[in-house]
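One-letter residues, chain by chain:
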Amino acid sequence: GPCALVAALSVAGLPCSSVLFGGFLPSKGEKKLSQLQNLLRQASAGTLVLYEAPHRLLTTLEMLQETQSAETREIAICRELTKRYETILRGSIGEVLREVKSKPENQKGE
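All of these numbers come straight from a predicted model, not from anything done at the bench.

## Concerning the pairing of strand β2 (residues 47-51)
Then, number 1: As defined by bridge partners, strand β1 (residues 19-24) adjoins β2 across five bridges and the pair is classed as parallel. Across the sheet, the residue bridging to Phe-24 is Tyr-51, located in β2.
Then, number 2: In terms of handedness, the path from β1 via helix α2 (residues 29-42) over to β2 forms a crossover that is right-handed.

## A short note on the confidence of the model for the chain
Then, number 1: On average, residues of the chain carry a pLDDT of 89, and 95% of them reach 70 or more.
Then, number 2: Taken element by element, the chain is modelled with least confidence in helix α3 (residues 57-67), mean pLDDT 91, and with most confidence in β1, mean pLDDT 95.

## A few points about the pattern of salt bridges
Then, number 1: One pass over the full model with this rule turns up five salt bridges.
Then, number 2: The residue Lys-32 makes a salt bridge to Glu-52 at a minimum N-O spacing of 3.5 Å. In this pair, Lys-32 is assigned in helix α2 and Glu-52 in the loop between β2 and α3, connecting sequence segments 20 residues apart.
Then, number 3: Measuring nitrogen to oxygen at the nearest pair gives 2.9 Å for the salt bridge that ties Arg-56 to Glu-52. An identical accessibility class is assigned to Arg-56 and Glu-52; each is buried.
Then, number 4: Shared partners join several salt bridges into a network, and the residues in it are Lys-32, Glu-52 and Arg-56.

## What to know about the packing of aromatic side chains
Then, number 1: A complete count under the given rule lists two aromatic pairs for this structure.
Then, number 2: Relative to Tyr-51, the ring of Phe-21 has its centre 5.0 Å away and its plane inclined at 70°; by these criteria the two rings are edge-to-face. Linking Phe-21 in strand β1 with Tyr-51 in strand β2, this pair joins segments that are 30 residues apart in sequence.
Then, number 3: Judged by centre distance (5.6 Å) and plane angle (70°), the rings of Phe-24 and Tyr-51 are edge-to-face. In this pair, Phe-24 sits in strand β1 while Tyr-51 sits in strand β2, placing the two residues 27 residues apart along the sequence.
Then, number 4: The class for Tyr-51 is partly exposed, based on a relative accessible area of 25%.
Then, number 5: Through a chain of ring-to-ring contacts, three or more aromatic side chains come together here, namely Phe-21, Phe-24 and Tyr-51.

## So, the packing of α2 against α3
Then, number 1: In the contact formed by α2 and α3, the axes pass within 11 Å of each other and the chain directions differ by 55°. Between α2 and α3, the interaxial angle falls into the category oblique. You can see that α2 and α3 cross each other, and the crossing is right-handed. Facing α2, whose interface residues are Lys-32, Leu-33, Leu-36, Gln-37 and Leu-40, α3 presents Thr-59, Thr-60, Met-63, Leu-64 and Thr-67.
Then, number 2: Per-class residue counts for the contact of α2 with α3 are five nonpolar, four polar and one charged.

About the cut-offs
- Residues numbered from 1 in each chain as written.
- Predicted model: local features only at pLDDT ≥ 70, side-chain atom pairs only at ≥ 80, totals over all residues.
- Heavy atoms only, no water.
- Pairing = 2+ DSSP bridges.
- Helix = DSSP H or I, 4+ residues; strand = E, 2+ residues; numbered from the N terminus.
- Right-handed = clockwise from strand over helix to strand, strands pointing away.
- pLDDT = per-residue confidence, 0-100.
- Salt bridge = Lys/Arg side-chain N within 4 Å of Asp/Glu carboxyl O.
- Buried < 20%, exposed > 50% of the residue type's maximum accessible area, 1.4 Å probe, protein only.
- Phe/Tyr/Trp six-rings, centres within 6.5 Å; stacked < 30°, edge-to-face > 60°.
- Axes fitted to C-alpha atoms, helices over the stretch in contact; angles between N-to-C directions.
- Parallel < 35°, antiparallel > 145°, perpendicular 65-115°, else oblique.
- Left-handed = near helix turned anticlockwise from the far one by under 90°.
- Contact = heavy atoms within 4.5 Å.
- Nonpolar A, V, L, I, M, F, W, Y, C, P; charged D, E, K, R; others polar.

See below:
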């Protein structure tokens, strides 16, 4: 929804003094990787917010893991906000990736 960004920031537990909204990344390949790397450079000292489709979540997390320090960069995945199955996953990229892989229900929703 129109306030998903603000709702996610309010519960993510990540710094909000500098936020870059990257929206949806391209769906595949070099364009996706290039845009992700560019956004990560721009948001190196702040919080980067991305939207991602459930069926592309694992691929994007794996790409993040390859481009960032997987055990030190903190991330949050916020899904189904303000709904019955609201879920917020927080931790390093590696920790969150393992959690998403271990529970397929974390790959569903908005």
